[in-house]
Amino acid sequence: MSRSKDGSDNKEIINETEEGYNADRLMSMYENLTAPKDKKEENDDDKHLHNLFPEDLPSGWRMTSDFKERLEESKRKHQWEKVDYIRSDGTMKKKSRGWCIEKGYEEVREGLWAGSWFDDMEEEKRPGPRTIEKGTKPPRGNWELSGLMGEEDPDTFQSIVEFKMEANSAFAGRQYEDACGLYDKALKLCLSPEKACVMPCDQLEEKMKIHSNKAECLLRLKKYEDAARAANEALLLDSSNDKSRFRRGKATFMAAEKVHDAFGLGHARDDLDIIVKNESEGMEDAKKWIAKIMAVEKRDFLYQNTC
């Protein structure tokens, strides 16, 4: 069922068109593409990511945008995690780890933080001796031992590039179905995202381009939901790629427009607004598509208020 921006049901609006687009199905797609962090499936391993630092990555390697977001979220949660803080009088209180660090306190025992007074406290007030040496810095993780780095072997990567080039040639010849099939063959050779959260820069860029080019093929074939998903996969690899964002915005608009879905139109406009804000190469085209979205939103508003 299509929903308006205020969340009310628009029962009068067409739920499904002859092309087979369904508003409920589109709603599910948008939730998957833009799910808030707290609604995404949590990975138990993420809690251990906080001691990995981007500046420690080997030269020529790069995190996917999706993993970078996971890493940053892990660090935020680690900072906000509650720990025991002992005052100079021996009383204890729960404080966030970030608060302790900001105050200049240090961890004296696992999960226990205090100020410089800890070593001078009377024994009856102190919960045991210090077990973490004064001035000890938290350990830094080792990327190479993390199991997060994935690199295609040279022969496989060469095959991936060859399939991509064949697909590009098919696309140039307007053989869009063939091009999609060849892009899929390239992607099947790639390591899974779980095994390649960090990749050599050239391999990440090639994989991102394959997803993005596939999105353009699907747009030409008018398979808009699939196009939005393919563009989203490209953005999970590199969220700064505005060409992929433009394709996702167009695909989302075309899918949502068919079922008068205001929620989807809003997501499409969000993508295109970012392109305009970034003053990217496709900025003028993005402005034209934003104008189309505004016209459709106005049309649908009038339709809902006259039925």
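Because the structure is a prediction, the values reported are computed rather than measured. (Residues numbered from 1 in each chain as written. Predicted model: local features only at pLDDT ≥ 70, side-chain atom pairs only at ≥ 80, totals over all residues. Heavy atoms only, no water.)

A. Quick peek at the packing of aromatic side chains. Going through the model one piece at a time under the given rule, you end up with eight aromatic pairs. Considering the side-chain rings of Y85 and W117, the 6.5 Å spacing of their centres and the 70° angle between planes classify their relative orientation as edge-to-face. Note that Y85 is positioned in strand β2 (residues 82–86) and W117 in the loop between β5 (112–114) and α4 (154–172), a separation of 32 residues in sequence. Where Y105 meets W117, the ring centres are 5.5 Å apart and the plane angle is 70°; that geometry is what we call edge-to-face. On the criterion of sequence distance, the pair formed by Y105 in the loop between α3 (97–103) and β4 (106–109) and W117 in the loop between β5 and α4 is long-range, its members being twelve residues apart. Judged by its relative accessible area of 23%, W117 falls in the partly exposed class. Three or more aromatic residues joined by ring pairs make a cluster, and in this case those are Y85, W99, Y105 and W117. Positioned over the ring face of F53 is K75, at 3.8 Å from the centre of the ring. (Phe/Tyr/Trp six-rings, centres within 6.5 Å; stacked < 30°, edge-to-face > 60°. Helix = DSSP H or I, 4+ residues; strand = E, 2+ residues; numbered from the N terminus. Buried < 20%, exposed > 50% of the residue type's maximum accessible area, 1.4 Å probe, protein only. Lys NZ or Arg CZ within 6 Å of the ring centre and 35° of its normal.)

B. Just the nonpolar core, in detail. One finds Y183, I210 and C217 to be the most contacted residues of the largest nonpolar core, which totals 23 residues. Sorting the residues of this core by element identifies α4, α5 (176–189), α6 (201–220), α7 (224–237) and α8 (242–258) as the ones contributing at least two each. At seven residues, the largest contribution of residues to this core is made by α5. Counting twelve residues, the second-largest nonpolar core is a separate cluster that includes F246, A256, A286 and I290. (Core = buried A, V, L, I, M, F, W, Y, C linked by side-chain atoms within 4.5 Å.)

C. Expanded view of empty space enclosed by the protein. Counted under the stated rule, the structure contains one cavity of 30 Å³ or more. The space that makes up the largest cavity amounts to roughly 70 Å³. Looking at the largest cavity, the residues that line it are E152, F157, I160, C190, L191, M199, Q203, E206, K207 and I210. Residue assignment for the lining of the largest cavity shows that the elements contributing at least two residues are α4 and α6. (1 Å grid on protein atoms, 1.4 Å probe; cavity = no way out; pocket = protein on both sides within 12 Å on 5 of 7 lines; lining within 4 Å. Points joined across faces, edges and corners; volume = space filled by probe spheres on them.)

D. Just the packing of α4 against α6, in detail. Orientation of α4 relative to α6, taken along the N-to-C sense of each, is 25°, at an axis distance of 11 Å. With respect to their mutual orientation, α4 and α6 come out roughly parallel. Considering the relative orientation of α4 and α6, their crossing is left-handed. Residues F157, I160, V161, K164, N168 and F171 of α4 form the contact with α6, whose participating residues are D202, Q203, E206, K209, I210, N213, E216, C217 and R220. Partitioned by chemical class, the residues of the contact of α4 with α6 number six nonpolar, three polar and six charged. (Axes fitted to C-alpha atoms, helices over the stretch in contact; angles between N-to-C directions. Parallel < 35°, antiparallel > 145°, perpendicular 65-115°, else oblique. Left-handed = near helix turned anticlockwise from the far one by under 90°. Contact = heavy atoms within 4.5 Å. Nonpolar A, V, L, I, M, F, W, Y, C, P; charged D, E, K, R; others polar.)

E. View of the side chain of K207. Position of K207 relative to the elements: it lies in helix α6. Comment: no salt bridge for buried K207; closest opposite-charge side chain is E152, at 5.9 Å. Residues in contact with K207, not counting those within four places in the same chain, are L187, C190, L191, P193, M199 and L237. (Lys, Arg positive; Asp, Glu negative; His and termini not counted. Salt bridge = Lys/Arg side-chain N within 4 Å of Asp/Glu carboxyl O.)

F. Structural view of the sheet that holds strand β3 (residues 92–96). Read across the open sheet, the four strands follow the order β3-β2-β5-β4; overall the sheet is mixed. The open sheet has two edge strands with one neighbour each: β3 and β4. If you compare each strand with its neighbour and ignore which way they point, the axes differ by 45° on average. The pairing of β2 with β5 spans two bridges and is parallel. Bridge pairing in β5 places Y85 opposite W113. (Pairing = 2+ DSSP bridges.)

G. Up close: the layout of surface pockets. Its volume calculated, the second largest pocket comes out at about 760 Å³. Among the elements of the structure, α2 (65–80), α3 and β4 are those that each provide at least two residues to the lining of the second largest pocket. Top contributing element to the lining of the second largest pocket by residue count: α2, with three residues. Residues that form the lining of the second largest pocket fall into these classes: seven nonpolar, seven polar and eight charged.

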